Structure formats: structure tokens, C-alpha cells
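Notes for the structure review
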Amino acid sequence: AQTGTLENLGEMRLYHKGSENPKNCVVIFFDIFGFDSGRHKNVVHYFADQGYFVVMPDFFRGDGHDPNSMDFIGTVNKHPIEGVSKDVDDTLAWAKAKGAERFAYVGFCYGCWAAFRTIGDRFVCGVNYHPSCKLEAYLGGDDVGLVKNVKAEMLFFPTKQDDDYYRDGGEYLKTLHENGFNKSASIDYKEQDHGFLV
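Residues numbered from 1 in each chain as written. Predicted model: local features only at pLDDT ≥ 70, side-chain atom pairs only at ≥ 80, totals over all residues. Heavy atoms only, no water.

Here's the deal with the nonpolar core
Tyr110 and Phe116 are the most contacted members of the largest nonpolar core, which totals 60 residues. Not counting chain neighbours up to four residues away, the residues in contact with tyrosine 110 comprise Phe30, Asp31, Ile32, Phe60, Val76, Val84, Ser132 and Leu135. (Core = buried A, V, L, I, M, F, W, Y, C linked by side-chain atoms within 4.5 Å. Buried < 20%, exposed > 50% of the residue type's maximum accessible area, 1.4 Å probe, protein only. Contact = heavy atoms within 4.5 Å.)

Structural data, given as C-alpha cells:
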């Protein structure tokens, strides 16, 4: 069946599937267009069908970036990362109550930046499709150094518009390998445009 479950956790919606085998939990960090956009729910179904317990929290509370606007930073600032961080905490607590023991994430674009800012050492690995950690620079931070926050194995899928620091030989893998995350890798999608997966 292609349908997950939609439920409310306080004022935040969660979309989830696969709770019959809850130990290994995958958290989906959606892109800037939000919870209801694109193929995000199909991604939940896909990973649930591989045997994982998958949950996607609605950090934006029903909002999403307007595709006709170029003001991406405006959208990010509408949803402060401190709130997203609390939502991640609440989602993990909810999943643990269902039996989740190990956490990974799959992020897209904005979602990779949000994951880098919030997961700390609580996830065993993360998958980053067309990551937008560049947001950190637009917000006045150090986008190259942002990878130091992350204490987990990482897989990157940069596309032709994405920064070289995600690619082989780039700063992100170098830093991760130096920090002992030796399985971290990058698969270059040279022909693909940013945003393709969702």
C-alpha cells in the first residue's frame, strides 16, 4: 500500500510509515518547498518499503516556499532553526516511544542544512540530496565549516549547480574523514539539476 499515516504531534504534523519494525528510524528533512510539495511522501513510502520506520515532521507548519519567489532566505527566516531543532527533538522522542533505537536522515536541499544544524551526534548517518548548506553563508555563518557540527557518516549527491565542497576531494569529506567518519562519500550527479529528486 502506498499510504502512510498523517498525525499531529502538538501543532506539528507528522507523516510516517513502517512502524511495524520501528528500531531503525529514518527522518525525512524536506526541501524549502515544504511538507506537502513534490514527491516527499513518495520518499517516505520508498524507504518504508525497504524495511525502515520513516517519519517526516512538518517543520514549516503547512507553509512552504513560494515557487514564484526568489526570496529563499525570507522563507528560512520565517522558520527559525531553534524551532526546527525543538521539532527534531520532539520527533525523536515520539519515535523512541514507538520503539525507534537508531536514527538516520534523508535530506533535500534546505533539509540538509537544517539537519546539519540540528542532529548533532544522535544520528548514525545522513543522506544529502542536492544539499543547500550554502544557506549558512547567506545567513552570515561559515558554510564550509558547518560540516564540523555533524557527528555521523554522510553521503552526498551533489548536482551540477551545487558546491564543490560536497564532492570527492572537497572540504566536507576531508573534514568527515579526519573526524573518523571514514565511510562518508559523495556521488556526483553531474548531469542532474539541483532539486531533481523531490
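Some remarks on the sheet that holds strand S8 (residues 185-186)
Ordered in space as S1-S2-S4-S3-S5-S6-S7-S8, the eight strands form an open sheet in which the pairing is mixed. Taken across any chain shown, the strands that pair with only one partner, and hence form the sheet edges, are strand S1 (5-9) and S8. Contacts from helix H6 (residues 171-178) reach strand S7 (153-157) and S8, with the element oriented near 165 degrees to S7. (Pairing = 2+ DSSP bridges. Helix = DSSP H or I, 4+ residues; strand = E, 2+ residues; numbered from the N terminus. Axes fitted to C-alpha atoms, helices over the stretch in contact; angles between N-to-C directions.)

Considering unusual backbone geometry
Trans is the common state for peptide bonds, and a negative phi is the common state for residues other than glycine. Despite not being glycine, arginine 61 shows a phi value in the positive range, around 55 degrees. Considering the arrangement of structural elements, one finds arginine 61 in the loop between strand S4 (53-57) and helix H2 (72-78). Note on arginine 61: relative accessible area 35%, which makes it partly exposed. Unlike most non-glycine residues, cysteine 109 shows phi in positive territory, near 55 degrees. As for its placement among the helices and strands, cysteine 109 is situated in the loop between strand S5 (102-108) and helix H4 (110-118).

A closer look at the pairing of S7
The buried fraction of S7 is high, at four of five residues. Bridge analysis of strand S6 (residues 125-129) against S7 gives five bridges, and the strand direction is parallel. Counterpart to tyrosine 129 in the pairing with S7 is phenylalanine 157. Pairing of S7 with S8, which is carried by two bridges, proceeds in the parallel orientation. Bridging from a neighbouring strand, phenylalanine 156 pairs with serine 186 of S8.

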